[in-house]
Amino acid sequence: MSNNDFSRGAIENNPAWAQLLGLCPLLAVSNSIANALGLALASGFVLLGANTSISLMRKIIPDVARLPCFVLIIATFTTVAVMVLEAYAFDLYTRIALFIQIIVTNCMILGRAEAFASRQPVGRAIVDALGTATGFAIALLALGAVRELLGNGTLFNDMELLVGSIGADWQLTIFTSAPLPLAVYPPGAFLLAGLFFAAVKALTATQSGPTAKKEVEKETGTANDAMRKANP
Amino acid sequence: MFKTLTALTLIGAACGLLLFAMNDITRGDIEKNRTQKARAIMAELLKQPLADKILWVEDISGSCQLGYFIKHAENGYSGPINFFALYQPNLPADEAPRGETTRQEQLSLRVTRHQETPGIGDFINHKRDSYLPDLDQQSIAQWQNLDNITGATITHRAIKKAALNIQTRIRYHTEKYPCVE
């Protein structure tokens with residue numbers, strides 16, 4: 001059950017390419033691996049904290065005021081993430097601060113709180129949070145790596161902002177001049193994200209093609225039968 | 001009703017407690033980082049090394065010979081904009097620093113906090129764009145001739161207003177603490 005929760009959040013219902021949630025920070029911050037990893041860690045922390053707390057408190061959260069409660073809890077963990085980043089990764093914070101602050105409005109986190117954490121025990125809520133956070137991180141890092149490579153010709157640039165002086169040596173220069181400078185700008189983000197999502201969609205469609213087709217046929221047949229019975 | 005209120009109070013208290021604890025843990029490091037950032041901006045504006053200890057009175061520091069550093073906030077389009085400025089007032093010949101003749105007022109501005117989208121409206125960030133550094137050491141009148149600009153928070157009106165208000169605050173400050181060489 002737990003493995004299913006994890007893989008469903010990370011791959012099948014991936015917040016980025018399957019549900020198209022959290023696209024604003026995804027597109028804005030994924031111009032380098034360092035920025036993408038910073039946002040992925042912060043989002044993952046908030047998601048994990050919010051899912052765990054909401055699941056723990058699910059029996060005392062009043063149903064009529066559940067959404068304000070979820071937002072309050074998510075905002076608390078977002079503020080904690082902001083404080084930690086500002087205290088211990090200040091240079092990175094100054095670069096992605098705005099997008100860390102708006103994690104509170106990320107539909108991915110509120111969606112998991114409403115659809116899963118508020119109805120499931122804490123263990124499953126944690127696994128779901130880890131899966132969803134991993135899925136979001138995969139999308140962010142994949143897009144970040146491609147954009148940094150095409151836009152700057154490097155990989156792992158500025159990692160010292162995240163991991164300290166040890167990360168200064170991690171930079172790999174693949175191209176001496178950037179092959180596609182547009183990649184680090186917002187239009188490049190839209191183009192590459194579109195291609196990335198299309199590639200994932202094509203890949204998953206190929207893998208699940210025949211089964212999916214059978215399921216659709218079966219569902220269509222059942223629906224047609226029901227229609228015939230209703231309107232003989 | 002009572003049950004709902006109790007639950008909401010408990011949840012609010014738990015969130016408040018967590019924030020209070022985190023604030024206590026991170027406050028020192030955040031303050032240190034902000035001070036370092038402010039000192040870097042001050043050294044850049046002044047173009048010379050700073051003294052180890054800087055005394056602030058009502059968010060203003062400095063002297064009429066050296067110039068005044070001032071922390072200032074102005075309302076922008078959709079939120080506050082925080083400025084850090086170096087204002088060097090008019091100085092007649094007898095008050096000018098040794099070796100200098102009279103000095104016209106000069107204002108240099110840096111924006112330390114805004115809500116602009118990175119990559120779109122962050123021309124106002126002096127680390128990413130030379131827009132503000134190019135306007136360094138202009139008089140208040142020159143700042144009033146700023147071209148129209150607008151972003152999520154940044155507007156030319158806010159910058160013009162900031163320049164005027166900074167001048168007013170410094171005048172009030174120098175009246176209270178007269179210029180002494």
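(A) Structural view of the sheet that holds strand 4 (residues 106–113) of chain B. Residues and elements named next belong to chain B. Taken in spatial order, the 4 strands line up as 1-2-3-4 in an open sheet, and their pairing is antiparallel. Among the strands making up the open sheet, the edge pair consists of strand 1 (60–63) and strand 4. Across the sheet, the mean angle separating the axes of adjacent strands is 25 degrees when strand polarity is ignored. Pairing of strand 3 (residues 80–88) with strand 4 involves 7 bridges; the strand directions are antiparallel. Along strand 4, the bridge assignment pairs Phe83 with Val111. Across the face of the sheet, helix 1 (residues 2–46) comes into contact with strand 2 (67–75), strand 3 and strand 4 while running at roughly 40 degrees to strand 3.

(B) Structural context of helix 3 (residues 156–176) of chain B. Residues and elements named next belong to chain B. Its 21 residues place the ends of helix 3 30 Å apart at the C-alpha level, agreeing with the 30 Å of an ideal helix rising 1.5 Å per residue. Every buried residue belonging to helix 3 is among His156, Ala158, Ile159, Ala162, Ala163, Ile166, Gln167, Ile170 and His173, and all of these are buried. For helix 3, the secondary structure elements touched by its buried residues are strand 1, strand 2, strand 3, strand 4 and helix 2 (140–143).

(C) Layout of the side chain of B:Asn33. In this fold, B:Asn33 is placed in helix 1. B:Asn33 has contacts with A:Glu86, A:Ala87 and A:Phe90, leaving out every residue within four places of it along the chain.

(D) Spotlight on the pattern of salt bridges. Overall, the coordinates contain 12 salt bridges over all chains when judged by the stated rule. Members of the salt-bridge network, linked through shared partners, are A:Asp63, A:Arg66, A:Glu114 and A:Arg119.

(E) A look at the pairing of strand 1 of chain B. Residue and element names in this part refer to chain B. Here 4 bridges tie strand 1 to strand 2, and the two strands are oriented antiparallel to one another. Bridge pairing links Ile60 to Ile70 in strand 2. Taking the residues between adjacent antiparallel strands as the criterion, strand 1 and strand 2 are bridged by 3 residues.

(F) Highlighting the interface of chain B and chain A. Listed by partner, the interface residues are 23 residues for chain B and 24 residues for chain A. Together chain B and chain A conceal approximately 2000 Å² of surface at their shared face, both sides included; 76% is due to carbon and sulfur atoms. The interface formed by chain B and chain A includes 1 salt bridge. The partner of A:Glu86 in a salt bridge is B:Arg34, with the nearest N and O atoms 2.8 Å apart. For the interface between chain B and chain A, the tally reads 3 residue pairs in polar contact (both at pLDDT 80 or more). Per-class residue counts for the side of chain B that touches chain A are 11 nonpolar, 7 polar and 5 charged.

(G) Quick look at the nonpolar core. Ranked by size, the top nonpolar core spans 54 residues in total, and within it A:Leu26, A:Ile54, A:Ile61, A:Ile73, A:Ile100 and A:Ile109 carry the most contacts. Setting aside residues up to four positions removed in sequence, A:Ile61 forms contacts with A:Ile54, A:Arg66, A:Cys69, A:Phe70, A:Ile73 and B:Ile11.

(H) Quick look at the state of the cysteines. Across all of its chains, the model carries 0 disulfides over all chains by this definition. Free of any disulfide, A:Cys107 has its nearest cysteine sulfur in A:Cys24, 10 Å distant. No disulfide involves B:Cys15; its nearest neighbouring cysteine sulfur is the one of A:Cys69, lying 8.5 Å away. Look at B:Cys15 and you get buried, because its relative accessible area is 7%.

(I) Spotlight on the confidence of the model for chain B. The predicted model of chain B has a mean per-residue pLDDT of 84, with 90% of residues at 70 or higher. In the predicted complex, the global pTM is 0.78; the interface-specific ipTM is 0.76.

(J) Spatial organisation of unusual backbone geometry. Even without being glycine, A:Phe156 reaches a positive phi, approximately 60 degrees. Here A:Phe156 is to be found in the loop between strand 1 (154–155) and helix 8 (160–163). You can call A:Phe156 partly exposed: its relative accessible area is 31%. At B:Gln137, a residue that is not glycine, the phi angle is positive and equals roughly 60 degrees.

What counts as what
- Residues numbered from 1 in each chain as written.
- Chains lettered and ligands numbered in written order.
- Predicted model: local features only at pLDDT ≥ 70, side-chain atom pairs only at ≥ 80, totals over all residues.
- Heavy atoms only, no water.
- Pairing = 2+ DSSP bridges.
- Helix = DSSP H or I, 4+ residues; strand = E, 2+ residues; numbered from the N terminus.
- Axes fitted to C-alpha atoms, helices over the stretch in contact; angles between N-to-C directions.
- Contact = heavy atoms within 4.5 Å.
- Expected span 1.5 Å × (residues − 1).
- Buried < 20%, exposed > 50% of the residue type's maximum accessible area, 1.4 Å probe, protein only.
- Salt bridge = Lys/Arg side-chain N within 4 Å of Asp/Glu carboxyl O.
- Buried area = accessible area lost by both parts, 1.4 Å probe.
- Polar contact = N/O pair within 3.5 Å; in protein donor to acceptor, adjacent residues only side chain to side chain.
- Nonpolar A, V, L, I, M, F, W, Y, C, P; charged D, E, K, R; others polar.
- Core = buried A, V, L, I, M, F, W, Y, C linked by side-chain atoms within 4.5 Å.
- Disulfide = S-S within 2.5 Å.
- pLDDT = per-residue confidence, 0-100.

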